[in-house]
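# Chain and residue survey
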Amino acid sequence: MDRRSAIFLGLSAAVAACARPPEVPLGADGRPLPQVYVIAPGSESAIQFRMLDGVNALRAAKSAPALGFNAELNAASATHARDMAVQNRPWHFGSDGSSPLVRVQRAGYRGKLLGELISETFETELQTLSNWTGQPDTREVLLDPRATDFGFGWFQEGNGKIWWSALVGQAAGSFGIPSPIASFIR
């Protein structure tokens, strides 16, 4: 790099450092207003792995084994997220009356379904995970020590609303200690 390029890069960095950060609109309570989280095309893999990494960090803190993605659970989650958007309501039954158990079986999952988590929001995947862990029933599903498999999907509407769906399962052949955790909870 020649001297002129080095000086130009240095000046560019100095000017960028002087720039004001973008203004964040504040509500009447002084807190930042929610922003619409737009999922950019091509970011699907990054979003899925941020969620899985977040779940596994929480599980590690509780000495629970890490989860891995399961293709069938991912497919069932994505299908249900789109179906919730079509129905315009977050709930655990498909538009055809199917339960989470029926949907994972249709997708070819051979393990044991431990629970389904759903959300209708404008928030990011990590904000949604935080909300799920803030509720005792959904936190128990995520931290179930029997769990080995994870599925995660979403559908975003044109207005920015996101329908999130996650499934937690136990791989076939690894069935062990029964758990008091209720299945198919929010």
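Structure: see above.
Residues numbered from 1 in each chain as written. Predicted model: local features only at pLDDT ≥ 70, side-chain atom pairs only at ≥ 80, totals over all residues. Heavy atoms only, no water.

## Points about the packing of helix H5 (residues 125-133) against helix H6 (residues 136-143)
Using the following cut-off: Helix axes use the C-alpha atoms of the stretch in contact, all axes being lines fitted to C-alpha atoms, and the angles between their N-to-C directions lie in the range 0 to 180 degrees. We count a stretch as a helix when DSSP gives it H or I for four or more residues in a row; a strand needs E for two or more, and each element gets its number in order from the N terminus. For classification purposes, angles smaller than 35 degrees are called roughly parallel, those larger than 145 roughly antiparallel, those between 65 and 115 roughly perpendicular, and all remaining angles oblique. Contact definition: two residues touch when any of their heavy atoms are within 4.5 Å. Residues are grouped as follows: nonpolar covers Ala, Val, Leu, Ile, Met, Phe, Trp, Tyr, Cys and Pro; charged covers Asp, Glu, Lys and Arg; every other residue, Gly included, is treated as polar.
The geometry of H5 relative to H6 is characterised by a closest axis approach of 6 Å and an angle of 110° between their N-to-C directions. The angle between H5 and H6 places the two elements in the roughly perpendicular class. Of H6, the residues touching H5 (which contributes Leu129, Trp132 and Thr133) are Thr138, Arg139 and Leu142. For the contact of H5 with H6, the per-class residue count stands at three nonpolar, two polar and one charged.

## Comments concerning the pairing of strand S4 (residues 162-170)
In plain terms, the rule: Burial here depends on accessible area, computed with a 1.4 Å probe over protein chains only, as a share of the maximum for the residue type. Under 20% is buried, over 50% is exposed, and the range in between is partly exposed. Whether two strands pair depends on DSSP finding at least two bridges between them.
Taken across its nine residues, S4 has nine buried, putting it largely inside the fold. Residues Ile162, Trp164, Ala166, Val168 and Gln170 of S4 are buried on one face, and the alternating residues Trp163, Ser165, Leu167 and Gly169, pointing to the opposite face, are buried as well. Bridge count for strand S3 (residues 149-156) against S4 is eight bridges, and the pairing is antiparallel. Bridge assignment links phenylalanine 155 to a residue of S4, and that residue is tryptophan 163. Taking the residues between adjacent antiparallel strands as the criterion, S3 and S4 are bridged by five residues, where glycine 160 takes a positive phi near 100°.

## Quick word on the pattern of salt bridges
Here is the rule: Salt bridges are identified by distance alone: a Lys or Arg side-chain nitrogen within 4 Å of an Asp or Glu carboxyl oxygen.
By the definition in use, this model includes five salt bridges. A salt bridge links aspartate 96 to arginine 106; the shortest N-O distance between them is 2.7 Å. Taken together, the positions of aspartate 96 in the loop between helix H3 (71-87) and helix H4 (100-106) and arginine 106 in helix H4 put the pair ten residues apart, joining distant regions of the chain. Classification of aspartate 96 by relative accessible area gives partly exposed; the value is 48%. Judged by relative accessible area, which is 55%, arginine 106 ranks as exposed. A salt bridge links glutamate 116 to arginine 103, with the shortest nitrogen-to-oxygen separation between them at 2.7 Å. Residue glutamate 116 is found in strand S2 (residues 112-121), and its partner arginine 103 is found in helix H4; the two are separated by 13 residues along the sequence. When sorted by exposure, glutamate 116 lands in the same class as arginine 103, which is buried.

## Section: helix H2 (residues 44-61)
Each full turn of the α-helix corresponds to 3.6 residues, which orients residues three or four apart in the same direction. Applicable threshold: Multiplying 1.5 Å by the residue count of a helix minus one yields the expected span of that helix.
Compared with an ideal rise of 1.5 Å per residue, which puts 18 residues at 26 Å, H2 spans 26 Å between its outermost C-alpha atoms and is within 8% of the ideal. For H2, the full list of buried residues reads Ile47, Gln48, Met51, Leu52, Gly54, Val55, Asn56 and Arg59. Those residues of H2 hidden inside the fold are in contact with strand S1 (68-69), H3, H5, H6, S3 and S4. Serine 63 lies just past H2 and shows a positive phi near 60°.

## Here we look at H3
Spanning 17 residues, H3 covers 24 Å between terminal C-alpha atoms, matching the ideal 24 Å at 1.5 Å per step. Against H2, S1, H4, S2, S3 and S4 lie the buried residues of H3. Of the residues trailing H3, asparagine 88 is marked for its positive phi of about 55°.

## Focus on the sheet that holds S4
The strand order across the open sheet built from four strands is S1-S3-S4-S2, with neighbouring strands paired in mixed fashion. Single-partner strands in this sheet number two, and they are S1 and S2. Its contacts with the sheet place H2 against S1, S3 and S4, and it is angled at close to 135° to S3. This element, H3, spans S1, S2, S3 and S4 of the sheet and lies at about 30° to S3.

## Observations regarding the nonpolar core
The criterion, for reference: Residues belong to a common nonpolar core when they are buried Ala, Val, Leu, Ile, Met, Phe, Trp, Tyr or Cys residues joined through side-chain atoms within 4.5 Å.
One finds Trp132, Leu142, Phe150, Phe152, Trp164 and Val168 to be the most contacted residues of the largest nonpolar core, which totals 21 residues. Mapped by element, the contributors of at least two residues to this core are H2, S2, H5, H6, S3 and S4. Once residues within four sequence positions are removed from consideration, valine 168 is found in contact with Lys112, Leu113, Leu114, Gly115, Leu117, Val141, Leu142, Ala147, Asp149 and Phe150. In this structure, Leu73, Val104, Tyr109 and Leu167 belong to the second largest nonpolar core, which totals six residues.

Any link to function would need more than the numbers given here.
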